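Listed below are the residues making up each chain.
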Amino acid sequence: MYAFLQVLWFLLISILLVGYFVLDGFDLGSGILYLFIAKTDREKSIVRHAVGPFWDGNEVWLLTGGGALFAAFAPAYATSFSGFYLAIMLVLFGLILRAMAVEMSKLDEKWATFWDKCFFIGSLLPAILFGAAIGNIIQGVALDAAGEYRGGFFSLLNPFALLCAVMGLVSFLTQGAAWLSLKAPLDSELYQRAVRLRSVFNLLELVAFACVSAFFFIFVMPQFGSDRVGLPMAYAFAVILLAGWLAARVFINKQHDLLSFLTVNVIPIALIGITAASLFPNLIPAAANPQGVLTYFVVPGPAQPDLSLTIFNSANSELTLLVMTVITCIGLPLVLAYHVVLYRTFRGRITDDDLDHGY
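All residue numbers refer to positions counted from 1 along the written sequence of the respective chain. Per-residue local features are limited, in this predicted model, to residues with pLDDT of at least 70; the limit for side-chain atom pairs, both in listing and counting, is 80 or more; totals at the level of whole chains, interfaces and linings are taken over all residues. Note that the side-chain values use all heavy atoms of the structure and ignore hydrogens as well as water.

1. Let's talk about the overall build of the protein chain
Logical step 1: Assigned secondary structure in the protein chain consists of 13 helices and 2 strands.
Logical step 2: C-alpha atoms define the radius of gyration, and 2.2 Å times the number of residues to the power 0.38 defines the globule rule. Taken over C-alpha atoms, the radius of gyration comes to 21 Å for the protein chain, in line with the 21 Å a tight globule of 359 residues would show.
Logical step 3: Summarising its shape, the C-alpha atoms of the protein chain cover approximately 60 × 45 × 40 Å along the three principal directions.
Logical step 4: Under the scheme applied here, a residue whose accessible area is under 20% of the maximum for its type counts as buried, over 50% as exposed, and between as partly exposed, the area being computed with a 1.4 Å probe on protein chains only. Each of the 359 residues in the protein chain was classed as buried or not, and the buried ones make up 53%.
Logical step 5: A separation of at least 24 residues holds for 83% of the contacts in the protein chain among residues at least 6 apart in sequence.
Logical step 6: Residue exposure ignores everything except the shown protein chains as possible cover, and the areas themselves are Shrake-Rupley values with a 1.4 Å probe. Working note: accessible area of the protein chain is about 16,000 Å², and carbon and sulfur atoms make up 74% of it.
Logical step 7: Think of it this way: Lys and Arg go in the positive column, Asp and Glu in the negative one, and His and the chain ends go nowhere. Taken as the charge centre is NZ of Lys, CZ of Arg, CG of Asp or CD of Glu, depending on the residue. A gap of 7 Å separates the mean positions of the 19 positive and 23 negative side-chain charges of the protein chain. The way it works is that DSSP assigns letters per residue, a run of H or I at least four long becomes a helix, a run of E at least two long becomes a strand, and they are numbered from the N terminus. The contact rule is simple, with two residues in contact once any of their heavy atoms fall within 4.5 Å.

2. Let's talk about the nonpolar core
Logical step 1: Ile37, Val47, Phe73, Trp179 and Ile284 are the most contacted members of the largest nonpolar core, which totals 79 residues.
Logical step 2: Among the elements that make up this core, the one with the highest residue count is helix 1 (residues 2–37) (15 residues).
Logical step 3: Apart from the residues within four sequence positions on either side, Val47 is in contact with Ser30, Tyr34, Ile37, Ala38, Phe119, Leu180 and Leu190. What is meant by a nonpolar core is a set of buried Ala, Val, Leu, Ile, Met, Phe, Trp, Tyr and Cys residues, joined one to another through side-chain atoms within 4.5 Å.

3. Focus on the pattern of salt bridges
Logical step 1: What makes a salt bridge here is a side-chain nitrogen of Lys or Arg within 4 Å of a carboxyl oxygen of Asp or Glu, nothing more. For the structure on display, the rule yields 8 salt bridges.
Logical step 2: Arg42 serves as the salt-bridge partner of Asp352, at 2.7 Å between the closest nitrogen and oxygen. In this pair, Asp352 sits in helix 13 (residues 352–355) while Arg42 sits in helix 2 (residues 41–51), placing the two residues 310 residues apart along the sequence.
Logical step 3: For Asp352, a relative accessible area of 47% corresponds to the partly exposed category.
Logical step 4: Under the relative-accessibility criterion, Arg42 is labelled partly exposed at 37%.

4. Digging into the side chain of Arg98
Logical step 1: By the secondary structure assignment, Arg98 is in helix 5 (residues 85–104).
Logical step 2: Judged by relative accessible area, Arg98 falls into the buried class, the value being 1%.
Logical step 3: Beyond its immediate sequence surroundings of up to four residues, Arg98 is in contact with Asp24, Asp27, Leu28, Trp55, Glu59, Cys118, Phe119, Gly122 and Ser123.

5. Considering the packing of aromatic side chains
Logical step 1: A pair of Phe, Tyr and Trp rings is counted when the ring centres sit within 6.5 Å of each other, with Trp represented by its six-membered ring. The angle between the planes then sorts it: under 30 degrees is stacked, over 60 is edge-to-face, the rest tilted. Evaluated as defined, the whole model comprises 26 aromatic pairs.
Logical step 2: Taking the centre distance of 6.0 Å and the plane angle of 80 degrees together, the rings of Phe54 and Phe346 count as edge-to-face. Taken together, the positions of Phe54 in the loop between helix 2 and helix 3 (55–72) and Phe346 in the loop between helix 12 (318–345) and helix 13 put the pair 292 residues apart, joining distant regions of the chain.
Logical step 3: Ring plane angle 75 degrees and centroid distance 6.4 Å describe the contact between Trp179 and Tyr343, whose orientation is recorded as edge-to-face. Here Tyr343 lies in helix 12 and Trp179 lies in helix 7 (residues 159–183), a separation of 164 residues in the sequence.

6. Things to note about unusual backbone geometry
Logical step 1: Following Phe280, the chain continues to Pro281 via a peptide bond in cis, the omega torsion being 5 degrees.
Logical step 2: Tracing the backbone through its elements, the reader meets Pro281 in the loop between helix 11 (266–279) and strand 1 (282–284).
Logical step 3: Backbone geometry places Gln255, a non-glycine residue, at a positive phi of 55 degrees.
Logical step 4: As for its position among the elements, Gln255 is in the loop between helix 9 (231–253) and helix 10 (257–264).

7. A look at helix 5
Logical step 1: Here a helix's expected span is defined as the number of its residues, less one, multiplied by 1.5 Å. Here helix 5 spans 28 Å end to end across 20 residues, near enough to the 28 Å set by a 1.5 Å rise per residue.
Logical step 2: Contact partners of the buried residues in helix 5: helix 1, helix 2, helix 3 and helix 6 (112–139).

8. Thoughts on the environment of Phe172
Logical step 1: Here Phe172 is to be found in helix 7.
Logical step 2: A sequence separation of 144 residues divides Phe172 from Leu28, and the C-alpha atoms of the two residues are 6.4 Å apart.
Logical step 3: Apart from the residues lying within four places of it in its own chain, the contact partners of Phe172 are Phe21, Gly25, Leu28, Gly29, Ala127 and Phe130.

9. Thoughts on the state of the cysteines
Where two cysteines share a covalent bond between their sulfur atoms, that bond is called a disulfide.
Logical step 1: The term disulfide is used for any two cysteine sulfur atoms that are within 2.5 Å. Inspection of the entire model under this criterion finds 0 disulfides.
Logical step 2: There is no disulfide at Cys211, and the cysteine sulfur nearest it, in Cys164, is 11 Å away.

10. Quick look at the packing of helix 1 against helix 2
Logical step 1: Here the axes come from fitting lines to C-alpha atoms, over the contacting stretch only for helices, and the angles between their N-to-C directions go from 0 to 180 degrees. Packing of helix 1 against helix 2 brings their axes to within 10 Å, and their N-to-C directions diverge by 175 degrees. Considering their axes alone, helix 1 and helix 2 lie roughly antiparallel with respect to each other. Mapping the contact onto sequence places Asp27, Ser30, Tyr34 and Ile37 in helix 1 and Glu43, Lys44, Val47, Arg48 and Val51 in helix 2.
Logical step 2: Taken together, the residues of the contact of helix 1 with helix 2 break down into 4 nonpolar, 1 polar and 4 charged. An angle counts as roughly parallel when it lies under 35 degrees, as roughly antiparallel when it exceeds 145, as roughly perpendicular when it falls between 65 and 115, and as oblique in every other case. Side-chain classes follow a simple rule in which Ala, Val, Leu, Ile, Met, Phe, Trp, Tyr, Cys and Pro form the nonpolar group, Asp, Glu, Lys and Arg form the charged group, and the remainder, Gly included, forms the polar group.

11. Section: the confidence of the model for the protein chain
Parts of the model with low pLDDT should not have their predicted coordinates read in detail.
Logical step 1: Residue-level confidence of the predictor, termed pLDDT, takes values from 0 up to 100. Averaged over the protein chain, the pLDDT score is 90; the fraction of residues at 70 or greater is 95%.
Logical step 2: In this model, residues 297–302 is a region of pLDDT below 50 whose contacts with residues beyond four sequence positions or in other chains number 6 contacts.

12. Overview of the environment of Glu148
Logical step 1: For Glu148, the location among the structural elements is in the loop between helix 6 and helix 7.
Logical step 2: For the pair formed by Glu148 and Pro75, sequence separation is 73 residues and the distance between their alpha carbons is 9.4 Å.

13. Section: the side chain of Asn316
Logical step 1: Take Asn316: it is sitting in the loop between strand 2 (309–310) and helix 12.
Logical step 2: For Asn316, a relative accessible area of 17% gives the class buried.
Logical step 3: Within the structure, the side chain of Asn316 is placed 2.4 Å from the backbone oxygen of Ala71, a separation counted as a polar contact.
Logical step 4: Here Asn316 is in contact with Tyr2, Phe70, Ala71, Ala72, Phe73, Ala74, Pro75 and Leu321, once residues within four sequence places are set aside. Polar contact is the term for a pair of N or O atoms within 3.5 Å; when the atoms are in protein, one must be able to donate a hydrogen and the other to accept it, and sequence-neighboring residues count only if both atoms are side-chain atoms.

What follows is the structure in structure tokens.
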């Protein structure tokens, strides 16, 4: 029973991350595009209205994911939140800045230009850092015998992590462009720009994924030990990603806005699936080089699975996991119901009447 709960909570945390990257991904992408795609005050208002009703509810998935990690795997939570403290603070700073910008852009017109830039920066920071974090976790980080992170902030900015950051950024931009294509008025220039960018970023996604995959197989995978038992499943998610990309390409070419938006979101789902599968049963794998990340051009020593934080050596008590499972069975359907109501209430394209209220 205990082992089942440990695996279950690994899957639940992965699902929570999928929820966040799918739902808040288009928010972040729209915010990054904001300064470049919106040329007039009206177009800026349309972009803010496209994300305004959703961003705070979408962030719940990230907060819940962090809470679930603490509730289920406290040692892994402690290592990640203390070791990556500066990076996490930058993410939180960006999310706070974005929230302030969305709310203040119309209320504080004298500082509108300042808030516009804050909207961009507050969206860009998390988008880059999320991808970098995933890259570092996949390849492993420097851990000591106590499970403490031994590296520094700048050691996290290594080649593979930066490639993953680019992959994540392009994915968010594609989601943002697809969402704005779905929400902008059909007769607007904003809609035409969003449609063009949606196509461009979708093509760049495939290029970025190819680069990340090549780097992974050449430099990163050789360091893996036999503990990465879920790695074969990652190949299945890679196939799903390519199938999703092909479907998105078809609907983008046909300019089917709803199906384009739905299919481009297959890519972040598959990316989280690849990450989770390549890690399992690890939560924070130890790097092959105990002093830090790989040099990539030097053959690494053997992996150190005994130093890794896994779902088995980091799990809280069986009673805790059982209680949290019961709470999740009650709470998760309520969160899903809330999102169904929210997205049904604000469905459809933004009209001039919408622009007269808020944001």
